[in-house]
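# Close look at the chain arrangement
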Amino acid sequence: MTSRRVPLRPAIDALPAYVPGGRAPVGAAAFKLSSNENPYPPLASVQAAIIDAASDVNRYPDMFATELTEAIATELTATLSDAARDGDGDIGPDQVVVGNGSVAVLGHVVEAVVDAGDEVVFPWRSFEAYPIVVSVAGGTSVQVPLAEHGRIDLDAMAAAVTERTRVVMVCTPNNPTGAAVTHTELMSFLAAVPGDVLVVVDEAYLEFVRCDDPVDGPAALAAHPNVVLLRTFSKAYGLAGLRVGYAVARPRVAAGIRAASTPFGVSHVAQRAALASLRAKDELLRRVDSIVDERTRLVDGLRAQGWDVPDTEANFVWLALGDRTGRFAAEVRTAGVIVRPFAGEGVRVSVGEREATDLFLRFTAGWR
Ligand SMILES: *Cc1c(COP(=O)(O)O)cnc(C)c1O
């Protein structure tokens, strides 16, 4: 026997563990508003595609998810704005890279461009996968504090870019605060960032955005070859459990991301479910409209009770509770709602079922 131990890389040892949204205790009735999931179950047509695909799982999936990649490119091209069409024209399948959730795709983006010691700039507080992905790739995180009302401080982000910066991440709407940047803001930011720094625009909540001057990702990509858009089927499309996300980039960048990707990363079942979801897009986006209506009801209800709620363009709201965060999360849980606490900062509350909003608002009305 030897007392030697396998050393872990210091960067791995130092990682904060990813904190998943709380789960309802078995048998207890509780609304899970902790992971920004879609409260609607999969459509019958999507479930049918999943069941149908199950009979093929003795085979490896299509390695590059060819049909899904083409369908995404076709869909993107069909919905291009004039500003986006002005640039490169169509979005081809060579510009789309699918992966095992957009978190995995983000990992491959970073692995494709970040070498040991390179800097990655991102807002903070933001999506907690960011510092993990950067450390795993051997990069150095440069966290730029948010501005007021949970908004991303793009001026400060541009100022944080140095010779060593390889990637900048813009999470819009920002998880967990819900604030979105506008297209005008994004375009001036892109004009200020050197062309050899990759700018990842994480649009996980894109379909929930209703503000004026929303980000037009394909137009940004048409004007700036250093842009990568990240999108996912997990939120608006309700496929969080099947893990499908994708990047949209210029062909050379996309090829780099694909080269760094896990072979056969997206299962056959997930590919078929995503294709069925694209076919049911209109129906799914009507559900998104309902979630946005429910968001309005939640935000208005909270504000009417005197809560300070920042504007949100995502499927969640942010309550900056500071040192009351832990107590709030524990007490609302007893009342039957699970939220996502960020110790000492605040709680993120996903928009869920109507009854969940009602229950939550009844709780907040009496909480001090
Ligand atoms: C939920 C989320 C994602 C999507 O993750 P998947 O891996 O596609 O499920 C990406 N970015 C942000 C900011 C998110 O909140």
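Residues numbered from 1 in each chain as written. Predicted model: local features only at pLDDT ≥ 70, side-chain atom pairs only at ≥ 80, totals over all residues. Heavy atoms only, no water.

A few words on the overall build of the protein chain. Helix and strand counts for the protein chain stand at 14 helices and twelve strands. At 21 Å, the protein chain has a C-alpha radius of gyration in line with the 21 Å of a compact globule built from 368 residues. Dimensions of the protein chain along its principal axes, counting C-alpha atoms only, are 65 × 55 × 50 Å. Within the protein chain, the proportion of its 368 residues that are buried is 51%. Here the analysis covers contacts within the protein chain between residues at least 6 apart in sequence; of these, 74% occur between residues at least 24 apart. Summing over all exposed atoms, the protein chain offers an accessible surface of approximately 16,800 Å²; the carbon and sulfur share of this is 53%. Within the protein chain, one finds 34 positive and 45 negative side-chain charges whose respective centroids are separated by 7 Å. (Helix = DSSP H or I, 4+ residues; strand = E, 2+ residues; numbered from the N terminus. Rg over C-alpha atoms; globule rule 2.2 N^0.38 Å. Buried < 20%, exposed > 50% of the residue type's maximum accessible area, 1.4 Å probe, protein only. Contact = heavy atoms within 4.5 Å. Areas by Shrake-Rupley, 256 points an atom, 1.4 Å probe, with all protein chains shown as cover. Lys, Arg positive; Asp, Glu negative; His and termini not counted. Charge placed at Lys NZ, Arg CZ, Asp CG, Glu CD.)

This part covers the pattern of salt bridges. Summed over all chains, the structure comprises 14 salt bridges. Its salt-bridge partner being Lys 32, residue Glu 37 comes within 2.9 Å of it at the nearest N-O pair. Looking at Lys 32, the relative accessible area reads 24%, which means it is partly exposed. Measuring nitrogen to oxygen at the nearest pair gives 3.7 Å for the salt bridge that ties Arg 354 to Glu 294. Placement of Arg 354 in helix α14 (residues 354–366) and of Glu 294 in helix α12 (residues 281–304) is noted, with a sequence separation of 60 residues between them. For Arg 354, a relative accessible area of 47% corresponds to the partly exposed category. Using a relative accessible area of 8% as the deciding quantity, one classes Glu 294 as buried. Here the salt bridges share partners, and the residues they tie into one network are Glu 294, Arg 297, Arg 354 and Asp 358. (Salt bridge = Lys/Arg side-chain N within 4 Å of Asp/Glu carboxyl O.)

Let us look at the pairing of strand β8 (residues 245–248). Looking along a regular strand, one sees side chains alternate from face to face of the sheet. Of the two faces of β8, the one holding Gly 245 and Ala 247 and the one holding Tyr 246 and Val 248 are both buried throughout. With four bridges connecting them, strand β7 (residues 227–232) and β8 associate as antiparallel partners. Along β8, the bridge assignment pairs Leu 230 with Ala 247. (Pairing = 2+ DSSP bridges.)

Before going further, it helps to examine the site of the ligand. Near the ligand lie 13 residues; those nearest to it are Tyr 205, Thr 232, Ser 234, Lys 235 and Arg 243. Its residues placed into classes, the shell around the ligand shows five nonpolar, five polar and three charged. (Near = heavy atom within 4 Å. Nonpolar A, V, L, I, M, F, W, Y, C, P; charged D, E, K, R; others polar.)

With that settled, the discussion passes to the UniProt feature "modified residue: N6-(pyridoxal phosphate)lysine" (unreviewed entry) in the protein chain. UniProt annotation of "modified residue: N6-(pyridoxal phosphate)lysine" (unreviewed entry) refers to Lys 235 when read in the numbering used here. Positionally, Lys 235 belongs in the loop between β7 and β8. (UniProt positions renumbered as here; feature names shortened; annotations may be inferred.)

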